[in-house]
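Summary of the model geometry
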Amino acid sequence: MFNKLFSFLYINVFKIFPVRINLFLSKLFKKFNDMHLKASYSKDFNASLDIEGSKFNLILMKNDNQAQGVYQKLHFNKESYETIMVKTLVESIDLLKAKSFLDIGAFMGYYACFVASRLKDRINIHAIESNPKYVEYIKKSIKINNFKKVNVHNGILSNKEEFLFVKNETVTSKVDEEKNFAKLKSITLDELCEQQKIIPEIMKIDVHGAEGKVLFGSNKMLTNFTKIILLELHTSAYLKKFSDGLSKKEIILFLNNLGFKCYLVSSFREHDFEKNNENYEYKEINKENFELIFFDRDKADQFIFCIKNNLDIENFKLFNKSF
């Protein structure tokens, strides 16, 4: 009620001002807002989270707007994040009675720590993160939570061995200036899993447009071991920039050819901060209907749920109908 009253009074007071002054004030207030956020994010932050009834802490890296901006909200407002993917992951682990989970693009370790908390260290968890600084923060979170079966790997995944540049969440083959970028040699997921003896039954992949290169370097693991993939598929612009131009269609057909059924899960981002128990709609993607499904879905990231052909999506209670 107070917010509505304040908004009403504020708008009615400032509407008497000329447009130019209001535009100037909006830029000024945005500048103040940005400075306040910068001050708020200037120190490491210990976020206490409660996700789907599982409690754990994440140590957030100072001066990282993405990490602090997302997970501080969860701390203060007791909200959930990427609710559909979290619920799908929980049901996938339960349904398969999975013994291993692989988090690719682990960032601050949200998924790895959530699974460790929920399963009480009864499952082998591997978190792969390209940014060496983020890896150190994941390790801090593992330590403070006293998790015993979370393994963290610093590695840039690609479909070939090459030198790539890393800064924050970005992994790219070209930079105008190398300042503040780490230059590291990439590795395929197949090679990393063989070296570290990882058997990835369930994968979550969120690598900001590099998912094409990651998947195309995972042929052996996907064929022999992986049963479920929770894939965040980014826009064509991101894929062009970070996956050497591999298209969404090429990625989906690649997975189809390896024996995966791929499903678009509707309204992915609309449910980010919900804790309800609704069922979600899905649509199987194949060669015949790809253009029809994706012709107007390239402005936002999409959640693609991929399961091996011997699994039936109707066994997942979260997904109750096709749209």
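Refer to the preceding data block for the structure.
Parameters and conventions
- Residues numbered from 1 in each chain as written.
- Predicted model: local features only at pLDDT ≥ 70, side-chain atom pairs only at ≥ 80, totals over all residues.
- Heavy atoms only, no water.
- Helix = DSSP H or I, 4+ residues; strand = E, 2+ residues; numbered from the N terminus.
- Rg over C-alpha atoms; globule rule 2.2 N^0.38 Å.
- Buried < 20%, exposed > 50% of the residue type's maximum accessible area, 1.4 Å probe, protein only.
- Contact = heavy atoms within 4.5 Å.
- Areas by Shrake-Rupley, 256 points an atom, 1.4 Å probe, with all protein chains shown as cover.
- Lys, Arg positive; Asp, Glu negative; His and termini not counted.
- Charge placed at Lys NZ, Arg CZ, Asp CG, Glu CD.
- Axes fitted to C-alpha atoms, helices over the stretch in contact; angles between N-to-C directions.
- Parallel < 35°, antiparallel > 145°, perpendicular 65-115°, else oblique.
- Left-handed = near helix turned anticlockwise from the far one by under 90°.
- Core = buried A, V, L, I, M, F, W, Y, C linked by side-chain atoms within 4.5 Å.
- Right-handed = clockwise from strand over helix to strand, strands pointing away.
- Pairing = 2+ DSSP bridges.
- Expected span 1.5 Å × (residues − 1).

So, about the overall build of the chain. Looking only at helices and strands, the chain features twelve helices and 15 strands. Its C-alpha radius of gyration of 21 Å places the chain within 12% of the 20 Å reference for a compact globule of 323 residues. Along the first, second and third principal axes, the C-alpha set of the chain runs to 65 × 45 × 40 Å. Taking all 323 residues of the chain together, the buried fraction comes to 50%. Put simply, 72% of the contacts in the chain that link residues at least 6 apart link residues at least 24 apart. Accessible surface computed for the chain: about 17100 Å², of which carbon and sulfur atoms make up 52%. With 49 positive and 41 negative side-chain charges, the chain shows a spacing of 5 Å between the two charge centroids.

Following both chains from N to C, one finds helix α4 (residues 83-96) and helix α5 (residues 110-119) inclined at 45°, their axes separated by 12 Å at the closest point. One finds that α4 runs oblique with respect to α5. Note that α4 runs across α5; the crossing there is right-handed. The residues of α5 that touch α4, namely those facing Met85, Val86, Leu89, Val90 and Ile93, are Tyr110, Tyr111, Phe114, Val115, Arg118 and Leu119.

This part covers the nonpolar core. Grouped together as the largest cluster of nonpolar side chains are 60 residues, with contacts concentrated most on Tyr71, Met108, Tyr110 and Phe305. Top contributing element to this core by residue count: α5, with eight residues. By size, the runner-up hydrophobic cluster in this structure holds 36 residues, among which are Leu189, Leu233, Phe254 and Phe260.

This part covers the side chain of Lys248. Counting through the fold element by element, Lys248 comes out in helix α11 (residues 248-257). Classification of Lys248 by relative accessible area gives buried; the value is 5%. Excluding its chain neighbours within four sequence positions, the residues that come into contact with Lys248 are Leu233, His234, Thr235, Ser236, Leu239, Phe290, Phe294, Arg297 and Asp298.

Let us now look at the pairing of strand β3 (residues 100-104). For β3, the tally of buried residues reaches five of five residues, placing the bulk of the element in the interior. As for the winding sense of the linkage, the β-α-β connection from β3 through α5 to strand β4 (residues 124-129) is right-handed. Here four bridges tie β3 to strand β10 (residues 202-205), and the two strands are oriented parallel to one another. Paired with Ile104 across the bridge in β10 is Ile205.

Helix length check: helix α6 (residues 132-145), at 14 residues, gives a terminal C-alpha distance of 20 Å against a target of 20 Å (1.5 Å per residue), a fit within 8%. Residues of α6 that are buried sit in contact with β2 (54-60), α5, β4 and β5 (150-154). The positive-phi residue at the C-terminal boundary of α6 is Asn146, with phi of around 60°.

As a further point, take the sheet that holds strand β6 (residues 156-157). Strand order in the open sheet formed by four strands is β6-β9-β7-β8, with mixed pairing between adjacent strands. A strand with exactly one partner marks an edge of an open sheet, and here the two such strands are β6 and β8 (170-172). Where strand β7 (residues 163-167) and strand β9 (residues 182-187) come together, four bridges link them in antiparallel fashion. Counterpart to Leu164 in the pairing with β9 is Leu184. In the packing of helix α7 (residues 189-196) onto the sheet, contacts are made with β6 and β9, and the angle to β9 comes to roughly 80°.

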